[in-house]
Each structure stands twice: as C-alpha cells, then as structure tokens.
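# Topology and contacts: notes
What follows is the residue order along each chain.
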Amino acid sequence: MKIIYLNILKRIIRQKHLQLMSIIIVILYILVGINSAISYKNKIALFDQAKANVRKAWLNQPAQNPHSSAHYGHYVFQPVTALNFLDNGVTDYLGSVLKLEGHRQNDAAFSPIMNNSEMARLGEINFSWVLQVLIPLFIILMSFNSISAEFEQNNIKLLKSQGASIGQLLWGNVCSILTILLTLFLVGVFFIFILYALLTKQPLNTFPFSDFLIWISTYMVYFFILILFSVIISALVKVSKLSFLILLSFWVFSIIILPKLIYSTSRIIYPYPSKQEFTKTLNESRKKGIDGHDPMDQRAKQFNDSLLLKYNVKSLDELPINADGLIMQADEDYANKVYDKHFSDIRTVTNNQNQLASIISIINPFLAIKNISMTIAQSDYNSNMIFLSEAEQYRRYLIKELNTKMAYGGSKTGEWDWSVDVSYWNTVRDFSYPQAPLLKRLSYRKIEIISLFLWVVILIVSIKLIARNYKIV
Amino acid sequence: MSLLQAIELSKQYNDVYALRNLNLSINKGEIYCLLGQNGAGKTTTINLMLGFVKPSAGKILFNNIDLVENPSLINKHFAYIPEVVHLYGSLTGIENLEFFSKIAGNHYAKNELVNFLNEAGLQESAHHKLMTSYSKGMRQKVAIAIAIAKRADCIFMDEPTSGLDPKATNDFITICKKLAKNGTTIFMATHDIFNAVNVANTIGIMREGILVNSIDSKSITATALEKLYLETI
Amino acid sequence: MFTTILHFEFKQLLRSKITILFLLVFSVLGLFSYNQGEKLYLQNTAIIDSLIQKQSQQYLNTLNLYDTIKYPPQGKLGEETPYMISYLYQVVCDKKISPLSILTIGQNDVYEIAKSGRFGINIFTNSYTEFKNPEQLQIGNIDVTFFIIYLFPLLFISLSYSVKSDDKEMGRNSLLVAQSRNINALYFYRLSSKLIISCIPVIIIFFYSLYNMHEISDFSFFSFSKWWLIAIHYIFFWFLFVSLILKFNFSSLNNAIMMIGIWILFLIAIPGLLNTYLSYKHPNNSKSDIVNFRDVEKSFANLSFNEHKKNVYTYDSSYIKDSSQHNSDPLINAGIEQYSSELKTFEYEKMLFNNIIQSTDNKLDDAKLAYWINPVGCIYSILSSIANTSIKDQQYFEQSVIDYRFVQMNYLFNNLLKSSRFTKKDFEGMPKFSTANKNLSVTKYLLPVLLFAGLALLGIIFIKRTS
C-alpha cells in the first residue's frame with residue numbers, strides 16, 4: 001500500500017488546478033489570519049476599556065441612597081475568549097451590552113448585525129469558514145475521480161493484474177489525500193497561531209492550549225470523514241463526472257440548503273411566543289402570583305405582617321430597620337422566581353430549535369463540526385446562556401446587597417434621602433465568572449460528537465465492505 | 001505439457017451466456033489468438049483468466065493448478081495489456097513502469113527500467129516525458145514494458161493492435177514473437193485476422209460465447225482464414 | 001428552428017426522470033422559500049397589529065380620562081405632566097412592512113419593526129424586540145431571493161453545463177455540424193430552451209406570489225414588477241455567463257468545474273471577502289456609547305434649577321414671557337428641569353445616532369464601490385431596497401421615530417409650560433406617528449451588473465473558438 005500511497009501523492013501534487021487551489025487557500029489564510037487577529041485585538045481592547053470604565057463609574061458614584069444606585073445600574077459585557085479569533089460563531093448576532101438594574105431583567109443590546117447592511121447576511125470569511133466550507137470543496141476536487149479515473153483511464157484492470165487490491169487503492173487514496181490536506185491545515189493553524197501571538201500580544205500562558213488541540217483534532221476528524229465519503233462515492237459511481245456532481249450536490253445541500261431548511265422548520269415546530277404576550281404573562285404572574293397562587297397584594301400584606309411580628313411593633317415606622325429595603329428585596333425575590341419560570345420556557349424553545357439541528361447533524365457532518373467548533377471557541381448560544389445566567393446571578397447579588405444595605409445600614413423606613421458613604425461602593429465585588437470547563441461545554445454537543453463518531457465508523461466499515469465485494473467488471 | 005487450460009469454462013449473466021463450455025489448452029511459449037466479432041466473448045474469456053470475474057462453471061488450470069481456488073497465482077504468473085492504455089498522464093513513462101513494477105513486487109534499478117522500455121521499443125528520448133505527450137503507440141509500448149518487467153509466464157492482451165498504424169503494429173508483432181521465443185505464453189484477443197496468422201501458433205474463432213473453431217496457423221493462409229472466419233460468424 | 005429545438009428539449013425532459021425530479025424538488029424548495037417569507041411577514045404584521053390595537057385601547061382609555069377629569073382650582077395635575085401623558089398613552093411607532101418583504105426577508109428578522117414613541121425612552125432601549133435564536137440568524141433565511149440568487153444558477157448549470165460537450169464526447173458533433181445550417185444558432189437555441197426549462201420553478205413562484213400577494217393591502221404591482229424585473233436581469237446575467245464558458249469548448253467535467261467555480265466566486269467568495277474587509281475597515285464600536293449615555297443623562301439631570309431654566313429659555317425664547325408661572329407650581333418646576341434635561345439628552349442621542357448612521361454610510365459607500373466586482377451583492381441590495389428591508393429603510397424608520405419623539409416632547413412640554421390646562425382637545429391634538437417607506441432609487445446600482453452582462457456578451461461575440 002505504501003507504493004500506491006506514494007504514487008497517488010506524487011500525482012496529486014503535480015495537478016495544476018490543485019496547486020492553484022492550494023495557493024488560493026494559503027492567501028486566504030493570510031487575509032483571514034490578519035483580519036481575525038486585528039479584529040480580536042480590537043474586541044479585547046474594547047472589552048477591557050468598557051469594563052474598566054464601568055467599574056470606575058461605579059466606584060466614582062457620589063454618596064447616595066443604595067436604591068438610586070440600583071437604578072443607576074451596572075453594565076456587563078460578554079468576555080471575548082481566546083479561541084474567538086478562530087471561530088466567532090454567533091457573537092455578531094448577540095447583544096454585546098447588558099444592563100443590570102433593580103426590578104427588571106433587560107435584554108442584551110447592540111448586536112453588531114443590527115448596524116450591518118443586508119449584504120452582511122451573505123456571510124464573512126473567517127478561519128472556521130475556510131475550514132468548514134472551502135476545504136471540503138478542495139477535498140472534492142482532489143478525490144472525486146480518485147477511483148473513477150482508474151476506470152475511465154482503463155488502469156483498474158492493469159492495477160489488479162499487477163497485484164494491487166481494491167482495498168489498497170481505496171486506502172492509498174484516502175491516506176494520500178489526508179496527508180496533503182493535513183499538511184495544508186496544520187500549516188494554516190500554525191500560521192494563524194503565530195499571527196495571533198504576534199498581533200494580539202496576549203500572554204501565551206493564559207492561552208487554552210488543550211481546547212485548541214481538541215479544536216484541531218475535531219477538524220481533522222471532519223476532513224477524514226469527507227475524504228472517506230468522497231473516495232467511496234468515486235468508487236461506487238465509477239464515472240468522474242457523475243461523482244463530481246454527486247459530491248458537489250452533497251456539498252451544496254449540506255452546507256447551504258439543509259441548515260436553512262432545518263432552522264426554518266424548527267421555527268415552525270417550536271415557535272416563540274410574542275414578546276407582548278410574554279410580557280403580559282410575566283406581569284400577570286408578578287401581580288397575581290405564579291399560576292394564580294400568591295397574588296401580589298396578599299404577599300405584600302403577609303410580608304409586612306411577618307416583619308411586624310418579628311420585631312414586635314405595630315407599624316412599619318416603628319421598625320428599627322428600613323422596611324423599604326426588605327420589602328423591595330422580597331418583591332425582587334418573587335420577581336426572580338417568576339423570571340426563572342417564564343424565561344426557562346423561552347430557553348426551552350430555543351434549545352428545542354437547536355436540538356432539531358443537532359439531530360439533523362447525524363446526516364450532516366457540516367452542522368456537527370460547526371456546532372462543536374463554536375462550542376470549543378465559546379462563541380455559541382450555550383456560552384451566551386452561561387454568560388447571561390452568570391450575569392443574572394450577579395444582578396441578584398448586587399440588588400440584594402444594595403437592598404440589605406438600605407435595610408440594615410442605619411436608615412429607617414421612609415428615609416429615602418439616607419445615603420451610604422462613598423467607600424461602600426468598593427465593597428461591592430465586580431462581575432466576573434470562571435469559564436465553564438470544556439467537558440461541560442461539550443456535553444451540550446453530545447449528539448454532534450456521536451454523529452462524527454458514527455460517520456467515521458460507518459464510512460470505515462463501508463470501505464472495508466467495498467474492498468471485499470468490489471467488482472471491476 | 002499444457003501451461004494454461006480452460007475446462008468447460010462458462011460465464012452466465014442472468015439468462016445470457018457470455019461464455020459457454022470453453023475448452024482450450026495453450027502450451028508454454030505459444031501465441032494463441034482468439035478471433036471473434038464484438039460481443040463474442042473474447043474479453044469475457046480474458047476477464048475470467050485474469051480473475052476479474054468468477055466463472056459460473058468450469059475450471060482454469062495453470063500448470064494443473066486450479067486458478068479459481070488459488071487466485072493468488074494469477075498475479076504471480078500473469079500479465080495484462082489492456083485494449084485502451086492510458087496509465088497516469090502526470091507521470092513519465094519510466095515512472096509509470098517503476099510504479100506498476102513495484103506493485104507487482106519487483107524493484108528495479110533505473111537502468112533496468114530503461115532496458116525494459118528499450119526492449120518494448122520506446123525511444124529513449126521519450127522515457128522521461130509525461131505520458132500526456134505520448135501517442136497511442138508509445139503508451140502501448142509502456143504497457144508492453146510493464147508486462148515484460150513482470151516476467152510473467154503468460155501475457156493477456158485485449159485488442160492490442162487496435163488503432164495502431166502499420167509500423168507500430170509491426171513493431172508490436174516483432175516483440176510478441178520475441179517474447180514467445182523466450183518462453184512467454186501470449187493470449188491475444190483480436191479482430192486483426194492477417195496479423196493473427198502472422199504471429200499466432202493457434203487461432204481460435206469465437207461466436208456467441210462458444211469456441212467454434214481452433215486452427216493451427218501454419219495450416220492456413222490469411223485469405224482462407226478470413227473466409228473461414230466470415231463463414232463461422 | 002427554435003420551436004423544433006424547444007420541442008426536442010421538452011421531449012427529452014419528459015423522458016428524463018432525474019431532470020423531472022430536479023425540477024420538482026426545486027419547485028417545492030421555491031414554494032417553501034415563499035412560504036417562509038410569508039410566515040415572517042404575517043408574524044411581523046400580527047405583532048404590529050397587536051401593538052396598534054393595544055395603543056388604540058390606551059387611546060380610548062386616556063381620552064375617556066381627559067373627558068371625565070376633574071381639574072383642581074389651582075396647580076397642575078399629575079395627568080397633565082408629559083411623562084404621565086406619555087405613560088398613559090404609549091405611542092407605538094411601527095415600520096411599514098412592505099408585502100415584498102415576503103420575497104426578500106433581508107434583515108427583517110433582525111431589525112426592529114416597532115419602537116416605543118415615548119420621548120423619555122432613548123434609542124438604546126425603546127424597542128419592541130421579539131425573541132430570536134442567534135444560531136438561526138447566523139444560518140440565515142430561505143426566501144425567494146435566496147432561491148433566485150443561490151439555487152436557480154445551480155439548477156441552470158446542472159441542466160446546461162454539457163449542452164455542447166456531450167455531443168463532442170458522444171461523437172455526435174460532426175453529424176450535427178454536417179446537418180445543421182448554423183451550428184452556433186443551434187446551440188444558442190438549445191441553451192435558451194434549457195433556460196426556459198430551468199425557469200419553470202421560477203415561473204411557478206412568480207404566479208404563486210402574484211396570486212397570494214395581490215390582495216394584500218399596500219401591495220404595489222409596480223414594485224412587484226420592479227422586483228421581478230431585477231430577478232429576470234439576474235437570471236439573464238447567468239445565461240450570459242454560462243454561454244461564455246460554453247464558448248471555450250471545455251469537456252463536460254471542466255465546464256461543470258468552471259461554472260461551479262464562478263458560482264462560488266460570485267456568491268460566496270467575493271461577498272464573503274468583501275464583508276470581511278468591511279468589518280475590518282469599519283469595526284462596530286458601540287459598547288462605550290450606551291454606557292456613556294447613562295452618565296450623560298445623569299449629568300444633565302444634576303444641573304441646578306436656574307441652569308435648567310436657562311436651557312429651556314435658550315431653546316425657545318417664547319417661554320420667557322411665561323416665566324412668572326415657572327416658579328410657582330412644583331409640577332411646572334419639575335417640568336422645566338425634565339424638559340431641559342430631555343433637550344440636552346436628545347441632542348446627545350441625535351449625535352450618537354448620526355455617528356451610527358455616518359459609520360454605516362461609510363461602510364455602505366465602500367460596499368457600493370465594490371459592486372463593480374460584486375454583482376451578486378449589488379443585486380441583493382437592490383432587491384432588499386425594493387422590498388424595503390435594507391438598512392437604509394431601517395435607518396429612515398429610526399430617524400422618523402427620533403423626529404416624532406422630539407415633536408411629541410415639544411408638544412407636551414409646550415403645553416405644560418404655556419397652557420393652563422391639558423385638556424381632551426389637547427390630547428386629541430397630540431402628534432401622531434406616521435411614516436411611509438422611502439422609495440430609494442435603484443436603477444443607478446444596476447450599472448455594475450450591466451457592465452458584467454455587457455462584458456459577458458462581448459466575450460460571447462468575440463471568442464471565435466469553433467466547435
């Protein structure tokens with residue numbers, strides 16, 4: 001097999017149109033690498049600056065009532081992770097700024113796509129795009145006639161008579177194409193990494209090398225699948241023209257048509273409620289209680305009564321603490337419960353929509369690799385959900401801290417002009433959260449991982465079956 | 001003693017017999033030419049001998065060993081020259097020869113490869129040119145060199161002179177005779193009646209999958225063979 | 001000869017199961033794409049209708065309030081203050097959604113279709129945003145525009161890439177040349193027949209969309225025709241390119257590779273590279289703006305009362321004659337502070353909005369320059385503009401909203417500071433929001449596409465390779 005492998009390698013390298021395509025890919029690496037690195041550097045700078053400014057504004061607040069501070073609010077921004085420069089996933093479609101304040105949960109504002117023209121929907125070329133979309137075309141060009149050309153050029157019988165087996169031919173083609181492709185891929189990865197290190201000047205000891213290696217390995221599996229598939233089609237069809245058309249149709253269908261079809265269908269099967277309907281339901285739950293239990297006025301009366309009982313007084317004005325702080329916190333706690341219930345319904349709709357796409361990834365390796373790649377680079381919907389969830393936990397901590405200060409800090413009920421000392425603001429911690437470990441993130445992509453694994457197994461088994469039962473006449 | 005024998009060899013595709021009860025025997029160093037019109041079963045015979053397809057019935061014996069049960073012997077003892085020779089356009093003549101020889105398990109030095117190509121009649125100036133620049137005759141010669149380099153006991157040729165000019169055909173016949181003289185058995189499927197008489201020891205005529213006639217070439221002229229051929233088919 | 005060839009091609013079509021299957025699949029895809037656009041359109045119009053209905057109900061309730069309100073002998077009521085009025089009657093500024101957005105969804109799934117008309121809510125927070133799935137947005141929509149731009153060329157290529165080369169490869173060439181009086185005309189008619197066959201799904205979508213859309217209010221047959229004319233122009237553009245490639249007499253396989261290569265170049269590579277370059281040259285830097293806005297708002301609110309009065313009187317000196325009232329009523333005093341604060345905030349907000357517009361315009365100008373090498377981007381932008389789903393339409397709408405909010409604010413504060421009472425008549429006289437879709441001229445953007453088509457035509461005429 002080594003002889004066949006070396007021979008095929010030599011022949012492929014000599015093909016002019018593949019040499020040209022390799023040059024195009026290398027040029028794209030350069031363009032994409034520079035753009036990604038500079039764009040990433042800008043994003044990090046913006047993020048750091050915005051975060052610093054917000055913290056500074058918080059610390060520079062005058063002495064004021066904590067309630068005013070709760071309305072003044074706090075801004076948080078989704079962190080830019082190191083691997084974002086390889087795959088920025090859905091970040092352009094997500095709000096980049098989230099305001100945290102009392103009494104309400106806001107949506108993240110300012111998704112970059114809002115300020116883009118309609119042409120932006122035609123897509124951008126980044127490194128992951130080159131790997132997911134363009135490299136498969138390169139694979140098709142290298143392998144559509146890998147076996148069929150042997151038939152068309154009448155070499156197959158000669159090869160067989162010389163002692164070469166069909167299995168050797170199939171694996172020889174797979175291995176040689178894989179060699180060329182992996183060389184091109186790893187050169188690209190190395191080059192992009194060097195550009196990242198040089199242009200962004202981020203400290204390398206914080207770079208997630210293990211995530212990076214897994215990201216690389218996943219793409220290697222993806223390419224392996226595509227090469228196996230293309231060689232099998234070439235072997236089964238035996239006519240180069242037809243093989244090319246079938247593979248190209250598969251490419252168009254998998255990458256362009258099927259993803260759009262699936263998400264369009266998922267929107268129909270799992271529709272979102274309208275925002276108006278949702279807000280109405282939310283407000284009703286707050287007012288009348290979740291599922292009609294515990295309406296607001298009842299809750300307020302019960303809480304007030306419990307306070308009076310606890311401190312053994314007859315009215316709220318007699319309390320040694322500021323009841324307004326506690327009442328607001330109690331309302332906040334209930335609102336959080338309402339929020340958790342209703343927003344989890346919305347998240348369920350989104351998860352169901354995405355789940356459908358995940359299931360379809362079993363027949364579409366492009367969807368599988370796209371989702372896994374985004375997950376590893378932390379630029380997918382789930383990573384955004386983790387951020388929003390952490391931001392919401394921080395908001396609750398922040399508001400509770402302010403309300404508690406108001407209640408027990410020395411003011412009395414009704415003292416709305418009471419203020420804290422400016423040194424207080426520094427005692428409130430800033431927003432940060434640890435990144436979710438890779439395994440946890442990948443647990444959301446179990447189906448995609450299984451899909452890639454199944455593809456590899458089925459294709460290897462198929463090659464073995466073809467090698468055993470192949471008829472050259 | 002017979003080197004190669006076909007005993008009641010048949011091949012059936014659904015209800016159609018591509019080959020029916022073929023019996024023939026070829027000796028070592030003999031040139032056997034199989035004549036017949038298109039679809040007579042000549043290529044099927046070659047495909048069966050070379051193990052490309054399995055027979056529906058019958059045996060193929062090589063030195064009395066059943067090849068159907070011992071297919072590994074085929075690659076060891078047989079070589080093949082296809083009707084249409086393309087080989088690999090992005091390799092040179094010598095590179096193609098080297099590749100196909102290595103597959104067959106023969107690792108030759110460069111000068112040995114050159115010798116094979118010379119023996120096959122390919123001019124030296126063409127050895128290191130890409131096959132895309134070769135004429136049909138030149139590609140044919142590379143295919144012959146591959147067969148020679150294999151040092152097979154038996155070479156199967158399917159319509160080898162089809163599309164060749166008279167000089168190229170003549171060169172080809174000379175090589176065949178030389179190979180046979182050195183002890184290589186040649187089995188040739190062809191339409192070329194005149195060269196069949198010229199080169200073959202035995203001529204078989206096939207019609208609709210059946211070997212209808214087997215003639216000693218010394219006992220017949222080209223004209224008589226042509227008349228017999230036309231009557232038979 | 002043309003009818004003979006057309007008849008021959010249709011006969012072949014009817015005998016080719018694969019071609020019939022292809023046409024069926026594409027027709028179904030086409031109808032599905034229309035269906036997706038229609039769903040989004042109906043969803044958007046339903047949202048707007050629901051908001052307008054809620055607004056109407058609020059209007060009636062508020063009208064009733066002012067009809068029955070009991071004014072005190074002195075001093076203003078809370079219900080006469082601008083913030084309260086804008087709270088009681090929350091104006092919805094709705095974007096007019098063109099029925100043609102069924103054919104070109106554009107960015108309608110991302111842009112806001114309605115904004116709050118309350119003057120006190122700024123551009124960063126005043127939207128009625130629906131729930132969206134970012135992964136679905138990233139993948140994009142399958143609408144009629146997608147079908148025409150991406151899928152139609154694939155269908156046409158698959159039917160016509162081997163029109164000439166097949167005859168050569170099958171050995172029919174010499175016979176055809178011997179039989180035909182004009183071989184070039186023969187191939188031209190064959191290719192034209194292939195085009196007609198490829199257009200079957202397009203024709204189905206055309207009639208289906210006309211049938212479904214003509215009864216929609218706001219449907220404009222003129223715009224509908226304009227849209228389809230551009231689509232036909234695009235189809236013709238591909239006809240010329242395929243003809244050009246066939247002129248080179250490559251083998252079937254090489255034809256297929258060349259045509260698919262051009263498809264990838266025009267539809268994927270060039271737009272992708274251009275978008276990447278535009279993102280690099282014009283990065284989005286909006287994070288700081290929204291954070292600064294909060295502090296700017298606060299700083300305006302913290303001015304002294306006299307400073308607020310000065311701001312108001314500077315803005316409109318006619319308030320000075322009523323200044324004696326301005327120290328008397330606490331609600332009026334508060335109103336002066338609020339008005340001054342809002343005026344300053346509006347200035348800042350308009351400046352930010354103009355910055356965003358300027359930045360987007362710069363990007364768009366660069367994108368338009370690139371139309372000369374990006375004909376697909378050009379066509380896509382034109383179709384979006386006709387369907388009023390482009391960014392310029394969105395910006396025009398957002399500008400209308402800002403303008404309306406400013407007018408509303410001035411009306412309400414003017415009434416507070418000058419009039420003795422805010423009555424039912426004043427409420428009825430409140431400015432209403434209305435906007436119409438701007439009909440942007442598109443024909444000048446056709447020049448790059450015409451250039452490409454012209455070059456292809458010249459190529460076809462002057463390439464003299466014979467069959």
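Scoring rules and cut-offs
Residues numbered from 1 in each chain as written. Chains lettered and ligands numbered in written order. Predicted model: local features only at pLDDT ≥ 70, side-chain atom pairs only at ≥ 80, totals over all residues. Helix = DSSP H or I, 4+ residues; strand = E, 2+ residues; numbered from the N terminus. Rg over C-alpha atoms; globule rule 2.2 N^0.38 Å. Buried ≥ 20, exposed ≤ 12 C-beta atoms within 10 Å, placed from the backbone. Contact = placed C-beta atoms within 7 Å. Pairing = 2+ DSSP bridges. Axes fitted to C-alpha atoms, helices over the stretch in contact; angles between N-to-C directions. Nonpolar A, V, L, I, M, F, W, Y, C, P; charged D, E, K, R; others polar. Expected span 1.5 Å × (residues − 1). Left-handed = near helix turned anticlockwise from the far one by under 90°. pLDDT = per-residue confidence, 0-100. Core = buried A, V, L, I, M, F, W, Y, C linked by C-beta atoms within 7 Å.

### Comments concerning the overall build of chain C
- The helix and strand tally for chain C stands at 18 helices and two strands.
- Against the globule reference of 23 Å for 467 residues, chain C gives a C-alpha radius of gyration of 30 Å, more extended than a compact globule.
- Along the three orthogonal principal directions, the C-alpha set of chain C runs to about 105 × 45 × 35 Å.
- The burial tally for chain C puts 41% of its 467 residues in the buried class.
- For chain C, contacts bridging at least 24 residues in sequence account for 85% of all contacts bridging at least 6.

### Examining the sheet that holds strand E8 (residues 185–190) of chain B
All names here are of chain B.
- The strand order across the open sheet formed by six strands is E6-E7-E8-E3-E9-E10, and the pairing between neighbours is mixed. Each of the sheet's edge strands pairs with one partner strand only, and the pair in question is strand E6 (78–81) and strand E10 (210–216). Strand-to-strand twist in this sheet, taken as the mean axis angle between neighbours without regard to direction, amounts to 20°.
- Pairing between E6 and strand E7 (residues 154–158): four bridges, direction parallel. For Ala79, the partnering residue across the bridge sits in E7 and is Ile155.
- Along the sheet, helix H5 (residues 136–150) makes contact with E6 and E7, crossing E6 at roughly 175°.

### So, the interface of chain C and chain A
- With 57 residues of chain C at the contact, the number on the chain A side is 56 residues.
- Residue assignment for the side of chain C that touches chain A shows that the elements contributing at least two residues are helix H2 (17–68), helix H4 (134–139), helix H5 (144–160), helix H11 (252–281), helix H12 (287–301), helix H14 (330–369) and helix H15 (375–386) of chain C.
- With 11 residues, the single largest contributor to the side of chain C that touches chain A is H11(C).
- Counted by class, the side of chain C that touches chain A contains 27 nonpolar, 25 polar and five charged residues.

### Section: H15(C)
Residue and element names in this part refer to chain C.
- Taking 1.5 Å per residue, 12 residues should reach 16 Å; H15 reaches 17 Å between its end C-alpha atoms and fits that length.
- Within H15, 12 of the 12 residues are buried, leaving the element largely enclosed by the surrounding structure.
- Regarding H15, the residues found buried are Pro375, Val376, Gly377, Cys378, Ile379, Tyr380, Ser381, Ile382, Leu383, Ser384, Ser385 and Ile386.
- Trailing H15 by a residue or two, Asn388 shows a phi angle of about 55°, which is positive.

### Here we look at the pairing of strand E9 (residues 202–207) of chain B
Residue and element names in this part refer to chain B.
- Across five bridges, the pairing between strand E3 (residues 31–36) and E9 is parallel. Residue pairing in the sheet places Tyr32 in a bridge with Thr202 of E9.
- Inspection of the sheet shows E9 paired to E10 by six bridges, in the antiparallel sense. When the sheet's bridge partners are listed, Met206 is paired in E10 with Leu211.
- Joining the antiparallel neighbours E9 and E10 is a turn of two residues, in which Glu208 adopts a positive phi near 50°.

### Regarding the sheet that holds strand E1 (residues 2–13) of chain B
Residue and element names in this part refer to chain B.
- The strand order across the open sheet built from four strands is E2-E1-E4-E5, with neighbouring strands paired in antiparallel fashion. The sheet terminates laterally at strand E2 (16–27) and strand E5 (65–66), the two strands that pair on one side only.
- Here helix H1 (residues 42–49) sits on the sheet in contact with E1, E2 and strand E4 (57–62), set at roughly 65° to E2.

### Considering the interface of chain B and chain A
- Taken together, the 22 residues of chain B in the interface contact 19 residues of chain A.
- Those elements that place two or more of their residues in the side of chain B that touches chain A are E6 and helix H3 (93–103) of chain B.
- Examining the composition of the side of chain B that touches chain A, we find that four residues originate from one element, H3(B), more than from any other.
- Grouping the constituent residues of the side of chain B that touches chain A by class yields 16 nonpolar, five polar and one charged.

### Points about the arrangement of the chains
- The chain pair with the greatest number of contacts, out of two pairs of chains in contact, is formed by chains A and C.
- When C-alpha atoms are compared, chain B and chain C, though not in contact, are closest at a spacing of 16 Å.

### Brief notes about the packing of helix H13 (residues 305–315) of chain C against H14(C)
Residues and elements named next belong to chain C.
- Contact pair H13 / H14: the axes reach a minimum separation of 8 Å and the direction vectors enclose 65°. Relative to H14, the crossing made by H13 is left-handed. On the side of H13, the interface is formed by Phe305, His308, Lys309, Asn311, Val312 and Tyr315, while H14 contributes Asn333, Ile336, Glu337, Tyr339, Ser340, Leu343 and Lys344.
- Looking at the contact of H13 with H14, its residues break down into six nonpolar, four polar and three charged.

### Some details on the confidence of the model for chain C
- For chain C, the mean per-residue pLDDT works out to 85, and 92% of the residues sit at or above 70.
- Between the elements of chain C, mean pLDDT differs from a low of 70, seen in helix H7 (residues 173–179) of chain C, to a high of 96, seen in helix H9 (residues 200–213) of chain C.

### Here we look at the nonpolar core
- Counting 254 residues, the largest nonpolar core has A:Ile227 and B:Ala145 as its most contacted members.
- The residues touching B:Ala145, leaving out its near neighbours within four places in the chain, are B:Leu97, B:Phe116, B:Leu117, B:Glu119, B:Ala120 and B:Leu122.
- Membership of the second largest hydrophobic core comes to 22 residues, among which are A:Phe77, A:Leu326, A:Leu402 and C:Val291.

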